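If you want the building blocks of each chain, they are given just below.
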Amino acid sequence: NAGVIQTPRHKVTGKGQEATLWCEPISGHSAVFWYRQTIVQGLEFLTYFRNQAPIDDSGMPKERFSAQMPNQSHSTLKIQSTQPQDSAVYLCASSPTGFERLFFGHGTKLSVL
Amino acid sequence: AQKVTQTQTSISVMEKTTVTMDCVYETQDSSYFLFWYKQTASGEIVFLIRQDSYKKENATVGHYSLNFQKPKSSIGLIITATQIEDSAVYFCAMREEYQGGRALIFGTGTTVSVSP
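So, here is what we can say about the structure in this document.

Calculation rules
Residues numbered from 1 in each chain as written. Chains lettered and ligands numbered in written order. Predicted model: local features only at pLDDT ≥ 70, side-chain atom pairs only at ≥ 80, totals over all residues. Heavy atoms only, no water. Helix = DSSP H or I, 4+ residues; strand = E, 2+ residues; numbered from the N terminus. Rg over C-alpha atoms; globule rule 2.2 N^0.38 Å. Contact = heavy atoms within 4.5 Å. Areas by Shrake-Rupley, 256 points an atom, 1.4 Å probe, with all protein chains shown as cover. Lys, Arg positive; Asp, Glu negative; His and termini not counted. Charge placed at Lys NZ, Arg CZ, Asp CG, Glu CD. Core = buried A, V, L, I, M, F, W, Y, C linked by side-chain atoms within 4.5 Å. Buried < 20%, exposed > 50% of the residue type's maximum accessible area, 1.4 Å probe, protein only. Disulfide = S-S within 2.5 Å. Buried area = accessible area lost by both parts, 1.4 Å probe. Salt bridge = Lys/Arg side-chain N within 4 Å of Asp/Glu carboxyl O. Polar contact = N/O pair within 3.5 Å; in protein donor to acceptor, adjacent residues only side chain to side chain. Pairing = 2+ DSSP bridges. Axes fitted to C-alpha atoms, helices over the stretch in contact; angles between N-to-C directions.

**Here we look at the overall build of chain A**
Then step 1. Helices and strands together make up the secondary structure of chain A, namely zero helices and 11 strands.
Then step 2. Whereas a compact globule of 113 residues would reach a radius of gyration of roughly 13 Å, chain A reaches 13 Å, a difference of no more than 12%.
Then step 3. C-alpha atoms of chain A, sized along the principal axes, occupy 35 × 25 × 25 Å.
Then step 4. Counting contacts in chain A only where the partners sit at least 6 residues apart, residues at least 24 apart contribute 54% of the total.
Then step 5. Total accessible area on chain A is roughly 5,500 Å²; 49% of this is exposed by carbon and sulfur atoms.
Then step 6. In chain A, which carries 10 positive and 8 negative side-chain charges, the distance between the mean positions of the two groups comes to 6 Å.

**Considering the nonpolar core**
One broad trend across soluble globular proteins is that nonpolar side chains are buried collectively.
Residues and elements named next belong to chain B.
Then step 1. By size, the foremost hydrophobic cluster in this structure holds 25 residues, and its most contacted members are Met21, Tyr25, Trp36, Ile49, Ile75, Leu77 and Tyr90.
Then step 2. Contributions of two or more residues to this core are made by strand S2 (10-14), strand S3 (19-21), strand S5 (32-39), strand S6 (45-52), strand S8 (64-69), strand S9 (74-79), strand S10 (88-96) and strand S12 (110-115).
Then step 3. Looking at this core, the element that brings in the most residues is S10, giving four residues.

**Considering the state of the cysteines**
Residues and elements named next belong to chain B.
Then step 1. Tallied over the full model, the rule gives two disulfides over all chains.
Then step 2. Disulfide pairing places Cys23 opposite Cys92 at an S-S distance of 2.0 Å. A torsion of -70 degrees about the S-S bond marks the disulfide between Cys23 and Cys92 as left-handed. Residue Cys23 is found in the loop between S3 and strand S4 (24-26), and its partner Cys92 is found in strand S10; the two are separated by 69 residues along the sequence. Of the two residues examined, Cys23 and Cys92, each falls in the buried class.

**Focus on the interface of chain A and chain B**
Then step 1. At the junction of the two partners, chain A supplies 16 residues and chain B supplies 18 residues.
Then step 2. Of all residues in chain A, Leu43, Phe99 and Arg101 of chain A give up the largest surface area on contact with chain B, accounting jointly for 37% of the area buried on that side.
Then step 3. Counting across the chain A and chain B interface gives zero salt bridges.
Then step 4. Taken together, the connections running from chain A to chain B amount to four residue pairs in polar contact (both at pLDDT 80 or more).

**Quick look at the sheet that holds strand S1 (residues 5-7) of chain A**
All names here are of chain A.
Then step 1. Reading across the sheet, the four strands line up as S1-S3-S8-S7 and stay open at both edges, with antiparallel pairing between neighbours. If you trace the sheet from one side to the other, it starts and ends with S1 and strand S7 (65-71), each paired once. Across the sheet, the axes of successive neighbouring strands diverge by a mean angle of 20 degrees, strand direction being ignored.
Then step 2. Strand direction decides the pairing type here: S1 and strand S3 (residues 19-24), joined by three bridges, are antiparallel. Its bridge partner lying in S3, Gln6 is registered against Cys23.

**Topic: the pairing of S8 of chain B**
All names here are of chain B.
Then step 1. Relative to S8, strand S7 (residues 60-61) runs antiparallel, the two being bridged by two bridges. Bridging from a neighbouring strand, Val61 pairs with Tyr64 of S8.
Then step 2. Remark: two residues form the turn of the hairpin made by S7 and S8, two consecutive strands paired antiparallel; Gly62 in that turn has positive phi of roughly 60 degrees.
Then step 3. The pairing of S8 with S9 spans six bridges and is antiparallel. Each residue of the ladder has a partner; that of Phe68, found in S9, is Ile75.
Then step 4. Linking S8 back to S9 in an antiparallel pair, the connection comprises four residues, with Ser73 at a positive phi of about 50 degrees.

**Quick word on unusual backbone geometry**
All names here are of chain A.
Then step 1. Cis geometry is adopted by the peptide bond preceding Pro8, which originates at Thr7 and carries an omega value of -10 degrees.
Then step 2. Summarising the element assignment, Pro8 is placed in the loop between S1 and strand S2 (10-13).
Then step 3. The backbone of Gln52 shows a phi angle near 75 degrees, a positive value even though the residue is not glycine.
Then step 4. Tracing the chain through its elements places Gln52 in the loop between strand S5 (42-50) and strand S6 (53-56).

Following this line, the structure appears as structure tokens:
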């Protein structure tokens, strides 16, 4: 079991460019979560899917951020027109049904210059 | 709305001693799940221990145990016989059961430094 896989590990974008972050959950896990971690805000919930359906996106910024889960093996978080304040570590996690412990990936460190 | 608060920013202890971390939570749900996670210096976040709100007994896993005080909405983490590798950031988290599938919400974390 490779665990939750996130790619890339590091991404550097210029201001205004688009960034797409990928997550492969643990096989068999039906719940996938996205979090953002910064020094100032800590671990912020963004959105989560269960059985590929969006369940709660209350943490997603209303503009420029979107997440999808086109199949059970991967989810993407897309940030359009990236801004310096989007710089953070974006963490993906999965769990069997959503109520158990989360298994975290190693995160994608996004740096917006 | 659910909320998790960790007021201790950092704690320093000597190896082989006991460290206790505080966490208080707010919820409208009658049923909820409480978790503690650890983030190591490499950034890896791992699950440590869990307490379900309906269980009266404090959970224990290895040298981790919980002090669950439901009337005070408090879930403290106790680490006994600390080791150098226990140095990390510890996060308290909560998941409500009935609020339409709300996600796990984290506190701000407590940094623990264990010295030899």
